[in-house]
Amino acid sequence: MRLVHSFAAGQWIAPGPGARAIESAITGEVIAQAGNDALDVQAMRAFARDRGTVALQAMTFHDRARMLKALALYLWEHRQVLYDLSFDTGATQSDHLIDIDGGIGTMLVFASKGRREMPDSRIYIDGPPEQLSRTGQFQGQHICTPLQGVALHINAFNFPVWGMLEKLAPTLLAGMPAIIKPATATSYVTEACVRLMLDSGLLPDGALQLIAGGTGDLLDHLDCQDVVTFTGSAQTAKQLRATPNVLNSAVRFTAEQDSLNASVLGPDAVQGTPEFDLFVTEALREMTAKAGQKCTAIRRILTPSTQVDALITALRAGLSKVIVGNPRETGTDMGPLVSSSQKMDVLQKAAQIGTEAERVFGDPETFSMADDQAAFLPPMLFHCANPDAAHAVHDVEAFGPVSTVMPYNDMDHAAALLNRGKGSLVASVITRDGDVARALAMASAPFHGRLYFNNRDSMAEATGHGAPLPHMVHGGPGRAGGGEELGGVRAALHYMQRTAVQGSPDILSAITGKWTPGATEHVDKPHPFTRPFDDLTIGDTLHTPSRTVTLDDIETFANFTGDTFYAHMDHAAAAANPFFPGRVAHGYLLLSFAAGLFVQPDPGPVLANTGLDNLRFMKPVEPGDSIKVRLTVKAKTPRNDDYGEVRWHVALTNQNDEAVAEYELLTMNEY
């Protein structure tokens, strides 16, 4: 008997009053016990705020990203422990790759994005500054700072590792501690993962706690600095969301719940095409992976009416080859559902669907492994011949290996059926016809959190209908909960407050740690290209002498590069253009001259120019005009032990001090 402990206020606490028995999905035998109604959940919240928040928010985004990477690598080295436990949830080895490997991979993605896309500071800058006055001495800037509370993650049974890590990674990256509350049925796997993370010694005290069992009255004590995320049924989400204190205190609440996801076989994807075969493969995988217990699984299969018979025949042939059995045994394609109670729930929901659709594969009553104890079911395929008159197929989610084929007449009809799901996490379309893809995107995108298009061109690299990726948002409108998770850096921002700050350029620069145009320039120092990374400060500025641009310069550049665009070579044609007074200098000629004005040519701490961002040309330069450059250190970001990235603000002006061009230059500089 495994005792699933909670980790509360720095202590492991064994099951106690209110503990529940947990059965093996394979045998139905009780293998664990979890829950303790005597947990001091208020002490857990205080511990998270007093210890976890302080420690995490003393770190920069890059510090936290490095912590996430080390944590993920530690889990990777010890993942076999999680594999061994997960079999009893009904998961096969292939399912482990989705849950355990997928969760670790998700953490690594957030670690990478934290280092690459977020600053090495404690404030995230959201967008460029906004000039709020005529001269620019009063500006605005949106910033994001971590909330001062705790994130309570209430997770579902189907992904005890990925479901935790996909929320935990952006939470920690944002600088917020977390309390994890897994579903009891698979909490023993989550507990093992939490133990590994805590044993690693990589997390500060209070950053991570675990509730095995109920949350008690914790929701009654949260406030506007706390966050609740929930994954599970719509009914439970409704109850939690309606907690009076959650409403009264405006506690951030995100739900990912029921979703009748659909997949559309495009009209061009007829039998015999690679797209038809791809569609069958995707549908079979989504019906059987995790025994269909995936929030993104395909519940509704939409096909042109002319392809119904061929598609059902192909799906039946594929399902007949699926080996259902003990997930520990090599060769098993699909294990049992998570519990006997989940099995009964799926059978009840399948019976409701059966009132409107014919079951064309999978009879649970004659299934050879069916018994009163284990949670095995066969994959069940239904055919609803009249989806317009049906209701259950669009309203009832059997959270298991159940899917329904239904015909559509044209693209408008397909979109209408897609939207009958009233909001889903994902809809997929298998087509090579761009017009079909655009039509469905326009008609159905508002009803889905993700649209997945695939065909012969992308199938070798596509990740699959049911794979939420950390780079892209995961969530959906309506019955899917109206929430949003993942999505790269967006995910971390859910645990932060966006604030509009206003003030002078110097004040904004002081707050953000990033030079704002109009702020003080430090011009009394040696050439910035001669100074190492650590010696540069935000606002260090070089003003160059002027250089006159001649007609010979323009013609030489044109002949040398081959860029003989008429605006540079034909005065009459250029003058007829509303943008030019006559022949003008090439924009890239100006950039080259700018570099010649500010570059220090001797070997030094500048190792490489790695690119430029936000290039704009504001005013043409005619022959006889002169240009000069202002080069300013805008931001600095350490990259490794040897060098860091310097972002320079480069402004070109003419002899009348009018803006000619502007951009941001990136260089790598030695420390």
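Just so we're clear, the structure is a prediction, and the values are computed from it rather than from any experiment.

**Re helix H2 (residues 61–77)**
Over its 17 residues, H2 extends 25 Å from the first C-alpha to the last, a length consistent with the 24 Å expected when each residue adds 1.5 Å. Those residues of H2 that fall on the buried side of the exposure criterion are Phe61, His62, Arg64, Ala65, Met67, Leu68, Leu71, Ala72 and Leu75.

**So, the packing of aromatic side chains**
For any pair of aromatic rings, the description rests on two quantities: the centre-to-centre distance and the angle between the ring planes. If you walk through the whole model with that rule in mind, you get eight aromatic pairs. Geometrically, the ring pair formed by Phe533 and Tyr671 is edge-to-face, given 5.2 Å between the ring centres and 85 degrees between the ring planes. Taken together, the residues Phe533 in the loop between helix H16 (505–512) and strand E23 (541–543) and Tyr671 in the segment after strand E28 (659–670) connect sequence positions 138 residues apart. Residue classification places Phe533 among the buried residues on the basis of a relative accessible area of 4%. The rings of Phe529, Phe598 and Trp648 are connected pair by pair, giving a single aromatic cluster. Sitting over the face of the ring of Trp12, Arg195 holds its NZ or CZ atom 3.8 Å from the ring centroid. Lying across the ring of Phe593, Arg547 places its NZ or CZ 3.6 Å from the centre.

**A few points about the pattern of salt bridges**
Going through the model one piece at a time under the given rule, you end up with 31 salt bridges. In this structure, the salt-bridge partner of Asp223 is Arg49, at a minimum N-O distance of 2.6 Å. Here Asp223, found in the loop between strand E10 (208–210) and strand E11 (227–231), pairs with Arg49, found in helix H1 (residues 41–57); they are 174 residues apart in sequence, far enough to count as distant. With a relative accessible area of 24%, Asp223 lands in the partly exposed category. Lys634 is paired through a salt bridge with Glu664; the nearest N and O atoms lie 2.4 Å apart. Placement of the pair is Lys634 in strand E26 (residues 626–638) and Glu664 in strand E28, with a sequence separation of 30 residues. Residue Lys634 shares its accessibility class with Glu664, and that shared class is buried.

**Structural notes on helix H20 (residues 587–598)**
Think of an α-helix as 3.6 residues a turn; residues three or four steps apart then line up on the same face. Relative to the 16 Å expected for twelve residues at 1.5 Å per residue, H20 spans 17 Å between its end C-alpha atoms, a close match to the ideal helical length. Every buried residue belonging to H20 is among Gly587, Leu589, Leu590, Leu591, Phe593, Ala594, Leu597 and Phe598, and all of these are buried.

**Quick look at unusual backbone geometry**
With a phi close to 60 degrees, Lys422 is a non-glycine residue in the positive phi region. Here Lys422 lies in the loop between helix H13 (411–419) and strand E18 (427–430). Phi at Leu486 takes a positive value of approximately 55 degrees, unusual for a residue other than glycine. Assignment of secondary structure puts Leu486 in strand E21 (residues 483–486).

**Topic: the state of the cysteines**
In a disulfide, the sulfur atoms of two cysteines are covalently bonded to one another. Under the defined criterion, the tally for this structure stands at zero disulfides. This cysteine, Cys193, is not joined by any disulfide, and Cys295 carries the nearest cysteine sulfur, 18 Å off. Classification of Cys193 as buried rests on a relative accessible area of 0%. For Cys295, a relative accessible area of 12% corresponds to the buried category.

**Quick look at the sheet that holds strand E17 (residues 402–408)**
Pairing is mixed in the open sheet, where seven strands are placed in the order E15-E16-E17-E14-E13-E18-E19. A single partner strand is all that each edge strand has here, and the edge strands are strand E15 (358–361) and strand E19 (451–454). Recorded for the sheet is a direction-independent mean angle of 25 degrees between the axes of neighbouring strands. When strand E13 (residues 262–265) meets E18, the two strands line up parallel, connected through four bridges.

**Section: the pairing of strand E27 (residues 643–654)**
With eleven of twelve residues buried, E27 is to be regarded as a mostly interior element. As paired strands, E26 and E27 are joined by eleven bridges and run antiparallel to one another. Bridge pairing in E27 links Lys636 to Val646. From the end of E26 to the start of E27, which pair antiparallel, there are four residues.

Basis of the calculations
Residues numbered from 1 in each chain as written. Predicted model: local features only at pLDDT ≥ 70, side-chain atom pairs only at ≥ 80, totals over all residues. Heavy atoms only, no water. Helix = DSSP H or I, 4+ residues; strand = E, 2+ residues; numbered from the N terminus. Expected span 1.5 Å × (residues − 1). Buried < 20%, exposed > 50% of the residue type's maximum accessible area, 1.4 Å probe, protein only. Phe/Tyr/Trp six-rings, centres within 6.5 Å; stacked < 30°, edge-to-face > 60°. Lys NZ or Arg CZ within 6 Å of the ring centre and 35° of its normal. Salt bridge = Lys/Arg side-chain N within 4 Å of Asp/Glu carboxyl O. Disulfide = S-S within 2.5 Å. Pairing = 2+ DSSP bridges. Axes fitted to C-alpha atoms, helices over the stretch in contact; angles between N-to-C directions.

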